[in-house]
Amino acid sequence: MAKDTRVLLADDHRLMRRGLRLVIEQHPGLTVVGEADDGRQAVAMAESLQPEVIVMDIGMPNLNGIEAAHQISEKHPDIAIVMLSMHSDEGYVLRALRAGARAYLLKDSAEEDLTQAIEAVRDGKSFFSPAVSRVLLEDYMRKLQRAGAEDSYDLLSGREREVLQLVAEGKSSKEIASLLNLSTYTVETHRSNIMQKLNLKGIPELILYAVRKGLIS
Amino acid sequence: MNRRPAKARATLPDRPGRGLRMVLLVGFGGLLALLLVAGGEALSALRQLHAAEQIARQNFLSRNRYLLEFRSTLDVYGNRIDEYFLSYNPDVQVSAAGDFAALARRIDKGLRAYPANRQPEEQALLDAMRKTLAEQEASLNKALSEDHRGDPEQMNRMLYKEVMPRNRQLITAVENVEVWNQHQLDAAGEMLLETFGHFQTHLTRLLLIILGSGLLLSAGSIVYIIRQDQEARRRYAELMESRNALAQLPSSLLDAQETERRSISRELHDEVGQSLGALLVDVGRLKAAIPTDNTAVHEQLAQIKETAESTVNAVRNIALLLRPSMLDDLGLVAAIEWQAREISRRSDMEVEVEAPAGVGIAENLSEDYKICIYRVAQEALNNAARHSGGHRAWVKLEQTADHIAISVRDDGRGFDTRKTRGLGLLGMEERVRRLGGKLDITSHPGGGTVLRAELPSAGRS
């Protein structure tokens with residue numbers, strides 16, 4: 001039997017942490033190795049405990065979740081972060097992604113999706129609360145409609161769409177190349193074309209875009 | 001709580017200058033009247049003096065004319081008498097005697113024509129003169145009738161003992177009247193001088209009174225003016241004080257409001273929101289722990305979950321409205337972007353945000369600046385969405401070396417900035433002003449609106 005996935009909890013509310021811990025520990029294969037009260041402590045414990053996954057609340061005193069995630073993922077890009085938030089707004093989602101988070105969960109649905117999200121990020125995938133995906137999509141569609149703009153997704157070729165989805169799911173260029181039987185160079189070209197056509201500035205934007213379009217969840 | 005209405009501070013203060021003002025008004029009126037009276041009196045007194053002087057002169061001159069005539073007539077009379085008595089020429093004697101009666105009549109006529117307004121003393125003198133004249137006439141008549149021409153001794157005696165002395169007596173009588181007349185003139189002059197002196201004294205006294213009361217009034221006026229001046233200064237100071245207090249009010253209100261909002265928002269978010277979140281997690285766990293075939297309990301749990309979720313949402317929305325947690329969690333640009341999306345979601349207006357490249361650029365601002373810019377954007381966007389009738393709006397954040405500016409533009413119908421000045425605009429102006437910035441609104445009916453707030457770049461934290 002494989003080793004349990006080691007999870008660090010960072011939330012300033014004891015009640016919340018207790019609930020999350022129970023949810024995680026009831027799930028086979030997951031174990032909570034520590035609990036942090038605020039962002040600073042989370043950074044320190046990430047350093048000392050070297051967990052595989054951190055479940056991090058955005059709104060924390062001293063250092064908020066986003067800043068803490070920044071610091072952690074800069075030093076330890078291999079630690080996967082699940083961001084917990086009360087907000088479904090893309091401002092939070094985008095910044096969480098930029099800070100290195102791969103999953104974004106709304107607190108009010110945390111207990112349903114938490115284990116799924118932890119497993120997804122552990123496996124290098126993304127995960128978003130369905131409510132978040134819905135809000136992002138709604139905003140996107142409304143904007144397109146009102147501004148009378150064309151959906152830039154229509155500009156993408158079939159192959160580019162495939163690559164977009166795989167990039168958003170967290171696959172590396174090399175993985176994508178082998179999956180699609182393409183050279184790594186070709187995949188890179190597709191990636192840069194996608195970024196240009198969709199006017200995206202980086203992977204976080206790309207993931208956000210994919211969530212909006214419902215390509216990943 | 002027993003809350004009485006605040007006592008109106010605007011009760012009019014007592015007017016300390018009021019009594020004094022009445023006194024001064026009456027005083028000046030009196031002074032003016034006194035001056036008029038004095039002037040009138042002076043004029044009438046001068047006129048009276050002049051008239052009296054005229055009369056006195058007139059009296060003197062009219063009398064003097066007759067008296068001169070009397071003298072010259074008496075001279076002739078005397079000459080004729082001398083001729084009559086001393087001449088050896090009978091023709092001359094006859095001629096002289098013939099003139100006697102005519103000369104006497106002339107004097108008598110003069111005496112009758114003499115001014116009628118005679119004083120008793122004067123009358124007595126004149127009467128004496130007339131009497132002497134009559135006696136002289138009688139003597140002469142006697143001399144003529146007796147005709148002593150042949151008797152020189154007789155003639156001489158008559159001449160020296162009777163006629164000549166009487167003639168001198170006559171001259172003396174005239175001289176007496178002349179003296180009297182001159183005396184009258186002198187007396188009148190003295191009297192005039194005396195009257196003038198009296199009048200002068202009176203006028204001097206009056207002028208002294210006027211001068212004195214004028215000085216008193218001036219002193220009173222100075223006191224009054226000083227008091228008024230002090231009063232004006234005091235009121236000005238009060239006015240400035242209350243104006244400053246009024247100017248301070250919005251600032252302190254804004255501060256208090258912001259602090260209160262923040263604490264309530266945090267309370268809601270941290271306490272209520274988090275507890276509800278924990279509750280939801282617990283419900284989830286409970287749900288997992290209960291066998292799936294127990295549908296009744298599952299339904300109830302679903303109910304509880306739904307209620308808790310909607311409560312969480314409500315609490316979150318209220319908290320966000322009070323204080324956007326983005327401002328603390330993600331910074332200014334994110335908060336404005338969120339606000340823009342919120343407006344886009346809730347209204348017909350699609351809002352785009354153009355922020356400086358790089359998220360960090362506007363984030364080193366002080367809390368005051370952040371909240372000011374955020375609230376300006378919020379208020380402007382809400383106004384645009386509610387009132388402009390437009391469908392697009394653009395928020396732009398700019399930062400240069402010396403200022404940071406936010407502008408909100410819409411494609412609505414615009415408005416007349418001179419006429420419309422809502423509370424929201426005033427609030428924005430106040431926020432911007434107290435940070436030393438300025439708020440410009442460019443709008444005209446039919447042309448959309450651009451609101452721009454510019455703050456000096458002192459607000460780095």
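Asks: Which parts of the structure should I look at to understand the overall build of chain A?
Replies: When you go through chain A residue by residue, the secondary structure sums to 10 helices and 6 strands. Relative to its full complement of 217 residues, chain A shows a buried share of 48%. Here the analysis covers contacts within chain A between residues at least 6 apart in sequence; of these, 64% occur between residues at least 24 apart.

Asks: Can you help me understand the overall build of chain B in this one?
Replies: Each helix and strand in chain B was counted, giving 9 helices and 5 strands. The helix and strand sequence of chain B, counted from the amino end, reads α-α-α-α-α-α-α-β-α-β-β-α-β-β. Considering only residue pairs separated by 6 or more positions, chain B has 76% of its internal contacts joining residues 24 or more positions apart.

Asks: Any chance you could explain the sheet that holds strand E3 (residues 53–57) of chain A here in plain terms?
Replies: In a beta sheet, neighbouring strands are held together by backbone hydrogen bonds and run either parallel or antiparallel to one another. Residues and elements named next belong to chain A. With parallel pairing, 6 strands are arranged side by side in an open sheet as E2-E1-E3-E4-E5-E6. The sheet terminates laterally at strand E2 (30–36) and strand E6 (127–128), the two strands that pair on one side only. Of the pairings in the sheet, the one linking strand E1 (residues 5–10) to E3 comprises 4 bridges and is parallel in character. From the neighbouring strand, Val7 faces E3, where its bridge partner is Val53.

Asks: Looking at this structure, I do not really get the interface of chain A and chain B. What am I missing?
Replies: Size of an interface, as often reported, equals the accessible area lost when the parts are brought together. The interface is formed by 26 residues belonging to chain A together with 25 residues belonging to chain B. Every element with two or more residues in the side of chain A that touches chain B is listed here: helix H1 (14–26), helix H4 (90–98), helix H5 (110–122) and helix H6 (130–147) of chain A. At 6 residues, H1 of chain A tops the list of elements feeding residues into the side of chain A that touches chain B. The residue inventory of the side of chain A that touches chain B, partitioned by class, reads 11 nonpolar, 5 polar and 10 charged.

Asks: It is not clear to me how the sheet that holds strand E3 (residues 403–410) of chain B should be interpreted in this structure. Could you clarify?
Replies: Residue and element names in this part refer to chain B. One open sheet holds the 5 strands; their spatial order is E1-E2-E3-E5-E4, and the pairing between them is mixed. Every interior strand has two partners, whereas the edge strands, strand E1 (350–354) and strand E4 (438–443), have only one. Taking the axes of each pair of neighbouring strands and ignoring which way they run, one obtains an average angle of 10 degrees across the sheet. Where E1 meets strand E2 (residues 392–399), 5 bridges bridge the pair, whose relative direction is parallel. Residue Glu352 lies in a different strand from E2, and its bridge partner there is Trp394. Where helix H8 (residues 367–388) meets the sheet, its contacts fall on E1, E2, E3 and strand E5 (449–456), and the angle it forms with E3 comes to roughly 10 degrees.

Asks: I would appreciate a short explanation of the packing of helix H2 (residues 90–113) of chain B against helix H3 (residues 120–146) of chain B in the present structure.
Replies: Two packed helices can be described by the angle between their axes and the distance between those axes. Residue and element names in this part refer to chain B. The interhelical angle for the contact between H2 and H3, taken along N-to-C directions, is 165 degrees, at an axis separation of 11 Å. Classed by the angle they form, the pair H2 and H3 counts as roughly antiparallel. Crossing of H2 against H3: the hand is left-handed. Between H2 and H3, the residues in contact are Ala97, Phe100, Ala104, Ile107, Asp108 and Leu111 and Leu126, Arg130, Leu133, Glu137, Leu140 and Leu144, respectively. Looking at the contact of H2 with H3 residue by residue, the classes come out as 9 nonpolar, no polar and 3 charged.

Asks: Honestly, helix H7 (residues 332–346) of chain B in this entry has me stumped. Any pointers?
Replies: Residue pairs spaced three or four apart in an α-helix point in one direction, given the helix's 3.6 residues per turn. Taking 1.5 Å of rise per residue, 15 residues should cover 21 Å, and H7 of chain B covers 21 Å from first to last C-alpha, within 8% of that figure. Among the 15 residues of H7 of chain B, 13 are classified as buried, and the element is accordingly described as predominantly covered.

Asks: For this particular structure, what's the right way to read the packing of helix H7 (residues 158–168) of chain A against helix H8 (residues 173–180) of chain A?
Replies: Residues and elements named next belong to chain A. H8 packs onto H7 with a crossing angle of 135 degrees between their chain directions and a minimal axis gap of 10 Å. In terms of orientation, H7 lies oblique with respect to H8. In this structure, the crossing between H7 and H8 has a hand that is right-handed. Facing Glu162, Val163, Leu166 and Val167 of H7, the residues of H8 in contact are Ile176, Leu179 and Leu180.

About the criteria used
Residues numbered from 1 in each chain as written. Chains lettered and ligands numbered in written order. Predicted model: local features only at pLDDT ≥ 70, side-chain atom pairs only at ≥ 80, totals over all residues. Helix = DSSP H or I, 4+ residues; strand = E, 2+ residues; numbered from the N terminus. Buried ≥ 20, exposed ≤ 12 C-beta atoms within 10 Å, placed from the backbone. Contact = placed C-beta atoms within 7 Å. Pairing = 2+ DSSP bridges. Nonpolar A, V, L, I, M, F, W, Y, C, P; charged D, E, K, R; others polar. Axes fitted to C-alpha atoms, helices over the stretch in contact; angles between N-to-C directions. Parallel < 35°, antiparallel > 145°, perpendicular 65-115°, else oblique. Left-handed = near helix turned anticlockwise from the far one by under 90°. Expected span 1.5 Å × (residues − 1).

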